[in-house]
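# Structural description and commentary
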Amino acid sequence: MTPILEVKNLNRRFGGLKAVSDVSFAVTENQIKAVIGPNGAGKTTLFNLISGALPVDSGQVLFQGKPLQGRQPWQIATAGIARTYQNIKLFPGMTALENVMIGRHSRTRSGFIAGMLNLPRTWKEERDIREESMALLELLEIAELADSEAISLAFGQQRAVEFARALAAEPNLLLLDEPAAGLNMQETAEVARLISKIRERKITVLLVEHDMSLVMDISDEIVVLSFGQKIAEDVPTAIQQNPEVIKIYLGDGDDA
Amino acid sequence: MKRYLPLFVLLALVVLVQLVTSWTHTTYYLTQLTMSAYYSLVIIGLCLLMGYAGQISLGHAGFFAIGGYLSATLTTHNLVTYQDHTLIVLLKKSGCLVAGQDLYGGQLLVVQPWVACLVAVGVTVLIAFLIGGPVLKLKGHYLAMATLGFGTIVYRVVLANRLFGEADGISSVPPFPLLPGVAVSGGFGARVSNYYIAWGLVLIFMILLINLINSRVGRALRAIHGSEEAANAMGVNTAGYKLKIFMLSAGVAALAGVFLTHYNGGIGPSEAGVMKSVRYVAIVAVGGMASIWGALSMGVVLNFLSLRGVFGSYDDAVFGVILIVIMLFAPEGLLRLKLFTRLKKLRGGGQ
Ligand SMILES: Nc1ncnc2c1ncn2[C@@H]1O[C@H](COP(=O)(O)OP(=O)(O)OP(=O)(O)O)[C@@H](O)[C@H]1O
Ligand SMILES: [Mg+2]
């Protein structure tokens, strides 16, 4: 199988701190891969480097064989990488539906002139965007919240809207940064079910998560980061037995 | 189409006001209403940039003035002395120049108003493109200060330059013949037709801008307002969109400047003044920031009152006070205050 994403010797510093240090791994198409590690291990930074939100110091990210170096986040998104945020970033002043509709941006085209003239092609596209976004809200079982302001929703509902917004982009690769953080057990189970379900849509998932039972349940492979470095990469059962992984998680108990 | 309904109401109102003024022999009101329409055009363009895309500009009087001044200069500056120059000959042949006579019967050769208008708007959009590139990387106060700097430069340039008439500005700007028999001019007999020209232009731009707001682009602009980082991660070319909306709103301001200059028969440096820019920003704010209808209605009402002299010598101060009060109590804009909570209450009450 060809890797959809390859991370090669990636480095990123913040002042004297090596947030991501010489990290390499690959994600195979249609895989669910997890990145775990204690707080501050560099997981979110890794996501920011892949999605272009932060520039890399050195190393390479290859998406579908092509280097992402020097590309703007919107170009990377258009290439097929969507993401959610650990600290939810929904658009204020916009409804849940509108937030999801923004997710369709990278898959639609109408520009300034077409928008001003509201050509038939334009309003048909707009109607499609609305219908597709509504369908995603239904998939996530929050259709009745479509017209509520997104940022005023309950936490779990906001996570769902963000999820729908990312799916709206029909990504090839979906980066989920702690999708279950702050959710209760029932909601977490829902997230697990959903992640398994989107695999059917031919979406590859790279996931950061602290909830170990969720990670062990759904991932095909796991990368373990500690202090910016990759210390292990294997299937879940092997990761559970790995002495080094056990050591960091025992040494920093409240993260497990 | 629900979104166009208010436009029909506006159209009806425009016609009604004209009829009432003609019945009551108060058509002199139409003069200020025409001028208010042109200022409102600047304001709805700024509303898109500021209210929807969230990018402040304290330099919009500068764009208005560049449009007005360029058009005024081109349509008044006599090119007779260069008439043998190949370029001038060529321009004359292609119909870009018009010959005429000045007040004393001297030969006059100036640029055709349509051509002047296109050049004025085109150059303004180009300037917006050139300064927008670097300036729009800035946010908040820094963007406000940079655009303020731009406005100040335009003001000083028109004030210091002989070509732009220094403190006197430019006068004797000829009418702008739009169609045979219809011209933008301040002539007494043209009062009613010019009222309709101005409001026709406002209506056209209301349609275009309302369409834009309700489009994929409008949604992306609002997303940029909310979170530039997230918008970018969703595939919105944030830098490109900010630049385009900046150019669009500068172009609309320039067009308003061109038309008002022909209507008034001239333009002076006060149109480029910083207080004018502050006024535009204050009106967008009091109209509700992200509300093009709020911006339009406040634009008409406040400009009309100001032009009628209702604020007396406190004219500029009034707009300063408006701005302070809004920034203190409703930075998101007055008319939009707690809109969402109110809507939610309504829905909650219905259940
Ligand atoms: N923009 C930044 N500037 C400076 N330091 C940063 C920045 N972003 C992250 N860091 C630091 O880099 C290290 C890695 O942070 P990161 O957010 O990637 O960790 P994480 O693995 O996602 O942690 P958590 O599990 O808490 O989300 C931390 O020490 C953090 O303080
Ligand atoms: Mg993190």
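Source: prediction; values computed, not measured. (Residues numbered from 1 in each chain as written. Chains lettered and ligands numbered in written order. Predicted model: local features only at pLDDT ≥ 70, side-chain atom pairs only at ≥ 80, totals over all residues.)

A few words on the overall build of chain B. Along chain B, the regular secondary structure elements total 14 helices and four strands. A compact globule built from 351 residues would reach a C-alpha radius of gyration of about 20 Å, and chain B, at 21 Å, matches this within 12%. Along the longest, intermediate and shortest principal axes, the C-alpha atoms of chain B span 75 × 55 × 40 Å. In chain B, buried positions account for 47% of the 351 residues. Across chain B, every contact between residues at least 6 apart in sequence was considered, and the portion connecting residues at least 24 apart equals 78%. (Helix = DSSP H or I, 4+ residues; strand = E, 2+ residues; numbered from the N terminus. Rg over C-alpha atoms; globule rule 2.2 N^0.38 Å. Buried ≥ 20, exposed ≤ 12 C-beta atoms within 10 Å, placed from the backbone. Contact = placed C-beta atoms within 7 Å.)

A separate point is the site of ligand 1. Residue and element names in this part refer to chain A. Near ligand 1, the surroundings consist of F14, L17, A19, G37, N39, G40, A41, G42, K43, T44, T45 and Q86. Those elements giving two or more residues to the shell around ligand 1 turn out to be β2 (17-28) and α1 (43-51). With three residues, the single largest contributor to the shell around ligand 1 is α1. For the shell around ligand 1, a count of residues per class yields four nonpolar, seven polar and one charged. (Near = placed C-beta within 6 Å. Nonpolar A, V, L, I, M, F, W, Y, C, P; charged D, E, K, R; others polar.)

Let us look at the domain arrangement of chain A. Residue and element names in this part refer to chain A. Domain boundaries assigned for chain A yield domain 1 (1-77 + 206-256) and domain 2 (81-170). Opposite the seven residues of domain 1 that make contact, domain 2 presents six residues. Those elements giving two or more residues to the side of domain 1 that touches domain 2 turn out to be α1 and α2 (73-79). If one sorts the elements of the side of domain 1 that touches domain 2 by residue count, α1 sits on top with four residues. When the residues that make up the side of domain 1 that touches domain 2 are grouped by side-chain class, the tally is five nonpolar, two polar and no charged. (Domains from an automatic or database assignment.)

This part takes up the pairing of strand β10 (residues 229-234) of chain A. Pairing between strand β9 (residues 221-226) of chain A and β10 of chain A: five bridges, direction antiparallel. Pairing of L225 of chain A across the sheet is with K230 of chain A, part of β10 of chain A. (Pairing = 2+ DSSP bridges.)

Our focus in this paragraph is the sheet that holds strand β6 (residues 81-83) of chain A. Residues and elements named next belong to chain A. Reading across the sheet, the six strands line up as β6-β7-β8-β3-β9-β10 and stay open at both edges, with mixed pairing between neighbours. The open sheet has two free edges, formed respectively by β6 and β10, since each of these has just one partner strand. Averaged over all adjacent pairs, the angle separating strand axes in this sheet is 20°, with direction ignored. In this structure, strand β3 (residues 32-36) lies alongside β9, joined through four bridges in parallel fashion. Along β9, the bridge assignment pairs A34 with I222. Sitting on the sheet, α1 is in contact with β3, β6, β7 (173-177), β8 (204-208) and β9, with an inclination near 150° to β7. (Axes fitted to C-alpha atoms, helices over the stretch in contact; angles between N-to-C directions.)

With 33 residues of chain A in contact, the opposing surface of chain B contributes 25 residues. At the level of secondary structure, the elements contributing two or more residues to the side of chain A that touches chain B comprise α2, α3 (96-103), α4 (112-117) and α5 (120-139) of chain A. Among the residues making up the side of chain A that touches chain B, the classes are represented as 14 nonpolar, 14 polar and five charged.

So, about the confidence of the model for chain B. If pLDDT is low for a region, its predicted coordinates should not be looked at in detail. Residue and element names in this part refer to chain B. Here chain B averages 91 in pLDDT, while 93% of its residues score no lower than 70. Mean pLDDT across the elements of chain B bottoms out in helix α14 (residues 339-350) (50) and peaks in helix α10 (residues 238-264) (98). Two numbers describe this predicted complex: its pTM, 0.93, and its ipTM, 0.93. (pLDDT = per-residue confidence, 0-100.)

Before going further, it helps to examine the sheet that holds β2 of chain A. All names here are of chain A. Strand order in the open sheet made by the four strands is β2-β1-β4-β5, with antiparallel pairing throughout. This sheet does not close on itself; its edge strands, each paired only once, are β2 and β5 (66-67). Two strands pair when backbone bridges link them, and strand β4 (residues 58-63) and β5 are joined in this way by two bridges, in the antiparallel orientation. The residue bridging F63 from the neighbouring strand is K66, located in β5. α1 rests against β1 (3-14), β2 and β4 of the sheet, and its axis sits at about 65° to β2.

What follows concerns unusual backbone geometry. Residues and elements named next belong to chain A. Positive phi outside glycine occurs at N118, with the angle close to 45°. In this fold, N118 is placed in the loop between α4 and α5. Phi at K202 takes a positive value of approximately 60°, unusual for a residue other than glycine. Counting through the fold element by element, K202 comes out in the loop between α7 (185-198) and β8.

This brings us to α1 of chain A. Residues and elements named next belong to chain A. When you tally the buried positions in α1, you get nine out of nine residues, the bulk of the element. Every buried residue belonging to α1 is among K43, T44, T45, L46, F47, N48, L49, I50 and S51, and all of these are buried. Immediately beyond the C-terminal end of α1, within one or two residues, lies G52, with a positive phi of roughly 85°.

Between two packed helices, the angle of one axis relative to the other and the distance separating the axes together describe the packing. Residues and elements named next belong to chain B. Where helix α5 (residues 113-135) meets α10, the axes come as close as 8 Å, and the angle between the chain directions of the two elements is 145°. In this structure, the crossing between α5 and α10 has a hand that is right-handed. Touching P113, C117, A120, V121, T124, V125, A128, F129, G132 and G133 of α5 are L243, F246, M247, A250, G251, A254, L255, V258 and H262, all from α10. A breakdown of the residues in the contact of α5 with α10 according to their chemical character gives 14 nonpolar, five polar and no charged. (Left-handed = near helix turned anticlockwise from the far one by under 90°.)

With that out of the way, let us pick up the environment of G228 of chain A. Residue and element names in this part refer to chain A. Note that G228 resides in the loop between β9 and β10. G228 gets classed as buried once you count the C-beta atoms within 10 Å, which come to 23. Considering only alpha carbons, one finds G228 and E141, 87 residues apart in sequence, at a separation of 37 Å. Apart from residues lying up to four places away in sequence, G228 is in contact with K18, A19, V20, S21, A41 and G42.

With that settled, consider the environment of S270 of chain B. Residues and elements named next belong to chain B. The topology assignment puts S270 in the loop between α10 and α11 (274-286). Residue class for S270 comes out partly exposed when judged on the 14 C-beta atoms lying within 10 Å of it. Taking the C-alpha atoms as reference points, S270 and S193, separated by 77 residues in sequence, lie 27 Å from one another.

The next thing to look at is the packing of helix α3 (residues 60-76) of chain B against α5 of chain B. All names here are of chain B. Where α3 meets α5, the closest approach of the two axes is 8 Å, and the angle between their N-to-C directions is 145°. By crossing handedness, the relation of α3 to α5 is classed as right-handed. Listed contacts from α5 to F63, I66, G67, L70, S71, L74 and T75 of α3 are P113, A116, C117, V119, A120, V121, V123, T124, I127 and A128. Within the contact of α3 with α5, the residues separate by chemical class into 13 nonpolar, four polar and no charged.

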